[in-house]
Structure formats: C-alpha cells, structure tokens
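Read off the chains here:
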Amino acid sequence: MVLIETVARAVRTVEYVAREGRVRLDDVASEIGVHKSNALRLLNTLRELDWIVLDDRGSYMVSPHLCAVGQAAAGGTSIQQALQLAETLRDMSGETVHVAVPHGQRMLIVGRADSPNPLRVACQLGSRDAMHTSALGKAYLSVLSEPELGSLLGELDLVGLTPFSITSAGVLMAEVARTRGRGYSLDFEEGRLGVCCMGFGFRLGSNLDPVAVSITGPSGRWNKDTMGELEPVLLEQVRALKAVPIVRSATDQVAPSRIR
C-alpha cells in the first residue's frame, strides 16, 4: 500500500508540474498533501530519474526527457511528421512553431521549433494551452466531427484570459467554422497579451489522431499583415503534408484578405 501511495504521489507531482509549467517546493507539498521534506525527497528522486528539472530560480519544471517519452508514447500520431513541418514553417516565418496534441480540455505542447530571433515567444514543452484561447486549440477543434465538437464545447470552461478571449460557445463555434473555411486558426492576443498565433490542424497516422501546430510570435512582428503576406506559401507547405488537413472551402482557395 505504501508503494502504491508513493507511485501515485509521483504521478500526481509530474502531472501537476506539467500542468502549471513552473512550481515551487511549497506548491508541490500543498498539491499532494505532504510535508515539505517529503515533497523535496520526491522531487529529488524525480530529478535523478530526469523527469523533473530545477532551474536557477528554484522552480521545478518537466524535463525534455519526459517530453521525449511522451512523444514516443504518441508515436501513433506521427509526431515526427508534425515536427518536420514545424521546422519548415519556422524557417519560412522566422517565428517559433509549437506542436501539440489534445489532453483533456487543453492542448499539450509536445514539440517546438525555436525562432532564431533574440525576441521570440516559446512555451515550455509539457505546458498546456486552453483550447478556446489558442490557435492550437481552435485548429484541433476544427478537425473534430460535429458530434465530437458539440460534446467537447459543452465541457469547456470558457474563461477569458485577456480582453480579446472568446468566452461564448456560439462565438467559438463560428470561429471554428471560419478556421475550417480558410484552412488555419488565428489567435490575436487571446491567450496572452502581445502574442499572436496562426495554427493548423491535422489527422495523422494510421489512426488519424489529431495534431496541431501553431506559428507563434510577438504581436509587433507576427501580425495580420505578416500572416497575410506569408499565407499562400504557408498553406502550400501545410497541404503538402501527407495527412488529412483541416476542412477547407469548396473552392479550396484562400485569399490573404481572410485574415481578420
């Protein structure tokens, strides 16, 4: 019984750190309900196993090793294909590209191709984005069937994260429809102020599992004008991926003016 409790605490700790991104010792102790000394021993063990890392500010994060394990577990979704596309889109846009898969009611970031720019936006591997406020989430929602979409929307907590966040199910449904029509999702400072994203959704692998990628950058550089200029060549690369892309309009034509 003691062993089972220890394993359960370890799993809860890893899940908590992954969910929050960065946590302190006190946070972990409170979350799993143990004394700080016990939480410290558990975290040290997870560090020895290279599942958790400690940064120079005393915060704990999931390690790249754990993300690699997660990628291996998600092999059926052809994550490598999405990562290759991420690198291509990064080279074309100059911005960071994130790769994510659905995890509960959020998008779990499992891969990233970093922008070469000194000023860039990059989320930690293992962190999670809300579906209704992220390009990753809206791209994922766009590949769902209508019954799947309706069921999931009924469960989402549409909390506003910025003044630009979507907080209405009806508005979100309309945005998903626009995403399907133009071939990509948009996030103009909906999840974080000063950050804009352009996302693409796919069904990859033999099981047609959903995967999403998003080009993410500072709003001063990665904005409607820049996206509009690059839209045709970005869509060309996305459509070249051997997968089922998000549903497009009947004419399969997308004009830069559709970015709004």
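Here, residues in each chain are numbered from 1, in the same order as that chain's written sequence. Note on the predicted model: pLDDT of at least 70 is required for a residue's local features to be given, and 80 or more for side-chain atom pairs to be given and counted; whole-chain, interface and lining totals, by contrast, use all residues. The basis for every side-chain value is the complete set of heavy atoms in the structure, and neither hydrogens nor water enter the calculation.

### Observations concerning the pairing of strand β4 (residues 106-113)
- Throughout this description, buried means an accessible area under 20% of the type-specific maximum (1.4 Å probe, protein chains only), exposed means over 50%, and partly exposed covers the range between. In this description a helix means any DSSP run of H or I spanning at least four residues, a strand means any run of E spanning at least two, and both kinds are numbered starting from the N terminus. Counting buried positions over the eight residues of β4 gives six, a clear majority of the element.
- A pair of strands is treated as paired once DSSP finds two or more bridges between them. The pairing of strand β3 (residues 96-103) with β4 spans seven bridges and is antiparallel. Within the sheet, the bridge partner assigned to Val-99 lies in β4 and is Gly-111.
- Here β3 hands over to β4 after two residues, with Gly-104 in that stretch at a positive phi of 65 degrees.
- In terms of strand pairing, β4 meets strand β5 (residues 128-130) through three bridges, oriented antiparallel. From the neighbouring strand, Leu-108 faces β5, where its bridge partner is Arg-128.

### Overview of the pattern of salt bridges
- A carboxyl oxygen of Asp or Glu within 4 Å of a side-chain nitrogen of Lys or Arg is what we treat as a salt bridge. A complete count under the given rule lists 11 salt bridges for this structure.
- One salt bridge connects Lys-36 with Asp-26, and the closest N-O pair in it is separated by 3.4 Å. A residue pair is termed long-range when its members are at least 10 positions apart, and Lys-36 in helix α3 (residues 36-48) and Asp-26 in helix α2 (residues 25-32) qualify at 10 residues.
- Judged by relative accessible area, Lys-36 falls into the partly exposed class, the value being 41%.
- With a relative accessible area of 47%, Asp-26 lands in the partly exposed category.
- A salt bridge links Glu-190 to Lys-138, with the shortest nitrogen-to-oxygen separation between them at 2.9 Å. Taken together, the residues Glu-190 in the loop between β6 (185-188) and β7 (195-204) and Lys-138 in helix α6 (residues 135-142) connect sequence positions 52 residues apart.
- The buried category is assigned to Lys-138, whose relative accessible area is 0%.

### Thoughts on helix α8 (residues 169-182)
- By this rule the span expected of a helix is its residue count minus one, scaled by 1.5 Å. The end-to-end C-alpha separation of α8 is 20 Å, in line with the 20 Å expected for 14 residues at 1.5 Å each.
- Buried within α8 we find Leu-172, Glu-175, Val-176, Thr-179, Arg-180, Gly-181 and Arg-182.
- Looking at the packing, one finds that the buried side of α8 touches α6, α7 (146-153), β6 and α9 (224-240).
- Phi turns positive one or two residues past the end of α8, at Gly-183, with a value near 100 degrees. Whether two residues touch is decided by their heavy atoms; if any such pair falls within 4.5 Å, the residues are in contact.

### Focus: the environment of Glu-190
- Classification of Glu-190 as buried rests on a relative accessible area of 9%.
- Once the C-alpha coordinates of Glu-190 and Ser-165 are considered, the two residues, 25 residues apart in sequence, prove to be 4.3 Å apart.
- Dropping the residues within four chain positions of it, Glu-190 is found in contact with His-132, Thr-133, Lys-138, Leu-161, Thr-162, Phe-164, Ser-165 and Ile-166.

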